Amino acid sequence: MRAIVYTRTGDPAVLTLVDKAERSPGEGEVAVRIHRSGINPTDVKSRAGSSAASSGAELAEPQVPGQDGSGVVESVGSGVDPALAGKRVWIWEAAYQRPEGTTQELAIVPARQVVVLPDTVSFDLAASLPIPFMTAHRCLTVAEHGPTRLGPGALAGRTVLVAGGAGAVGNAAIQLARWADATVITTVSSPAKAQLAAAAGADHIIDYKRQDVAAEVRKIAVHGVDAIVEVSPSANAAIDAAVIAPDGAIAVYATDGGPNVTLPVITLMIPNARWQFVLVYTEPEQAKRHAIADLQEALATGAIRVGAEAGLPLHHFSLDQAAAAHAAVEGAAVGKVLIDVTD
């Protein structure tokens with residue numbers, strides 16, 4: 001079968017298309033015929049090496065990249081319900097601490113990491129789902145007095161600020177917060193990105209390059225916002241402190257703008273604000289299970305979408321264009337990058 005692998009870390013050129021032997025699933029595993037592989041910044045960072053010093057490092061075994069994907073279960077291993085064979089599924093964390101990612105024609109995945117798709121959900125949406133939407137779900141459910149589950153009404157009466165509403169996680173946070181009946185404010189850097197955020201469902205859009213974000217947020221939410229989904233804490237810490245409501249939570253899922261953050265302590269102490277750092281791979285298991293269950297409900301009801309009409313343009317690449325797909329993510333392509341493994 002065809003597969004993309006890399007044997008050392010580095011730039012996208014380390015990705016190689018190879019003919020890889022298929023293997024049968026073992027105990028607790030399933031074999032999934034991959035249709036789409038979703039590429040995320042985390043895939044790019046793993047391939048590049050976690051630091052400049054680790055770039056160019058040789059790996060103990062070839063790595064197939066790709067945490068997210070969608071496809072059809074071809075066969076199951078022992079201990080797995082045989083009824084899963086033939087089901088359309090989405091896959092999460094396929095390559096986390098494993099050599100078997102989704103950028104190959106047949107992926108062997110633990111059965112617990114595949115989720116059956118509703119019939120109406122496309123492979124494109126399914127492969128766009130796991131990391132961005134599970135991350136966004138966690139960011140929206142960490143407030144002290146907020147819900148641990150999402151669904152219609154869960155965030156009613158609450159206001160959410162999403163930094164970077166045109167990004168993949170920002171888009172997911174807008175869609176999930178609106179589904180849960182929050183009032184959603186988002187920030188963007190251009191009129192074009194404002195249109196994407198509006199398509200995702202944001203109620204209020206602030207261009208942070210042209211407007212005073214804190215002042216504009218306070219006009220909308222006089223008493224502050226209950227939750228902030230933060231992509232750039234280094235740049236936005238002072239703004240977040242200025243607009244957070246009493247007992248509010250600032251959920252940080254990325255380091256855009258720099259690896260360190262300085263916090264105005266007294267300003268944050270007064271409202272008893274919470275800073276919560278979010279990494280989907282290591283978040284509590286129960287939080288993952290809640291996210292998967294809620295995303296399944298949202299999928300079944302058509303509450304989440306992808307594509308330009310949903311504020312998340314799709315960029316398709318073939319399997320032999322995997323290096324170009326990774327380069328697109330590194331280049332901050334606006335939207336979601338997918339590799340079409342099988343038509």
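Source: prediction; values computed, not measured. (Residues numbered from 1 in each chain as written. Predicted model: local features only at pLDDT ≥ 70, side-chain atom pairs only at ≥ 80, totals over all residues. Heavy atoms only, no water.)

(A) Inspection of the sheet that holds strand β4 (residues 58-63) at higher detail. The three strands lie next to each other as β2-β1-β4, forming an open sheet whose pairing is antiparallel. Looking at strand neighbours, the two that pair on one side only are β2 (16-19) and β4, the edges of this open sheet. With direction set aside, neighbouring strand axes in the sheet form an average angle of 30°. (Pairing = 2+ DSSP bridges. Helix = DSSP H or I, 4+ residues; strand = E, 2+ residues; numbered from the N terminus. Axes fitted to C-alpha atoms, helices over the stretch in contact; angles between N-to-C directions.)

(B) View of the pattern of salt bridges. Applying the stated rule across the entire model yields 15 salt bridges. The salt bridge involving Glu74 is made with Arg33; its shortest N-O contact spans 2.9 Å. Of the two residues, Glu74 is situated in strand β5 (residues 68-76) and Arg33 in strand β3 (residues 29-39); the sequence distance between them amounts to 41 residues. What makes Glu74 partly exposed here is its relative accessible area of 44%. Its salt-bridge partner being Arg36, residue Asp340 comes within 3.1 Å of it at the nearest N-O pair. Note that Asp340 is positioned in strand β16 (residues 336-340) and Arg36 in strand β3, a separation of 304 residues in sequence. With relative accessibility at 14%, the residue Arg36 sits in the buried group. Here the salt bridges do not stand alone but share partners, grouping Glu22, Arg33 and Glu74 into one network. (Salt bridge = Lys/Arg side-chain N within 4 Å of Asp/Glu carboxyl O. Buried < 20%, exposed > 50% of the residue type's maximum accessible area, 1.4 Å probe, protein only.)

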